[in-house]
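Report on the structure
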Amino acid sequence: MQDCIFCKIVRGEIPTSLVYCDDEIVAFRDTTPQAPTHVLVVPRRHISSLNDLTAEEMPLLGKLLQVCREVAKKEGVFESGYRIAVNTGPDAGQVVEHIHFHVLGGGPMNLEIG
Ligand code: 5GP
Ligand code: ZN
């Protein structure tokens, strides 16, 4: 999608700190980290949110989670613990409308719900 910031990152049009990439998935550091490790894992294909994922695209979720786990290993938080967050829609605070998994770790985290 032309104006989507994460599509621009995927296309290499915006400089980013890349952590992982393959033919389907790209992972890069969040510019406003909420934890010592804060990486965003996104599909190359533009999908606006979890709500927009089709039944055929469901296998992509498994791949995204697999990459999250690899990122946790790479970042050294695999054993110490990490959180994966997928904000969906306005009430959840989704700002960028290109589905992304936050991988957060590197220290104790408060779980704030609601
Ligand atoms: P959301 O609130 O949509 O779940 O998360 C969007 C995330 O993208 C935020 O944590 C924000 O800091 C991050 N972000 C927004 N713009 C950019 C950018 O241009 N580059 C990177 N690396 N992260 C971004
Ligand atoms: Zn996009």
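Whatever comes next refers back to the structure up there.
Source: prediction; values computed, not measured.

Criteria and thresholds
- Residues numbered from 1 in each chain as written.
- Chains lettered and ligands numbered in written order.
- Predicted model: local features only at pLDDT ≥ 70, side-chain atom pairs only at ≥ 80, totals over all residues.
- Heavy atoms only, no water.
- Pairing = 2+ DSSP bridges.
- Helix = DSSP H or I, 4+ residues; strand = E, 2+ residues; numbered from the N terminus.
- Axes fitted to C-alpha atoms, helices over the stretch in contact; angles between N-to-C directions.
- Phe/Tyr/Trp six-rings, centres within 6.5 Å; stacked < 30°, edge-to-face > 60°.
- Buried < 20%, exposed > 50% of the residue type's maximum accessible area, 1.4 Å probe, protein only.
- Lys NZ or Arg CZ within 6 Å of the ring centre and 35° of its normal.

A short note on the sheet that holds strand β1 (residues 18-21)
- Spatially, β1-β2-β3-β5-β4 is the arrangement adopted by the 5 strands of the open sheet, whose pairing is antiparallel. Each end of this open sheet is capped by a strand with a single partner; those strands are β1 and β4 (82-85). Neighbouring strand axes in the sheet, compared pairwise and without regard to direction, differ in orientation by 20 degrees on average.
- Note that strand β3 (residues 37-43) and strand β5 (residues 101-105) share 5 bridges and pair antiparallel.

Focus on the packing of aromatic side chains
- Scanning the entire structure with this criterion turns up 1 aromatic pair.
- Ring centres of Phe6 and Phe28 lie 5.3 Å apart, and the angle between their planes is 75 degrees; this geometry places the pair in the edge-to-face category. Taken together, the residues Phe6 in helix α1 (residues 5-10) and Phe28 in strand β2 (residues 25-29) connect sequence positions 22 residues apart. Here the two residues Phe6 and Phe28 agree in accessibility, since each one is buried.
- The ring of Phe78 has Lys73 lying over it, and the distance from NZ or CZ to the ring centre is 4.8 Å.

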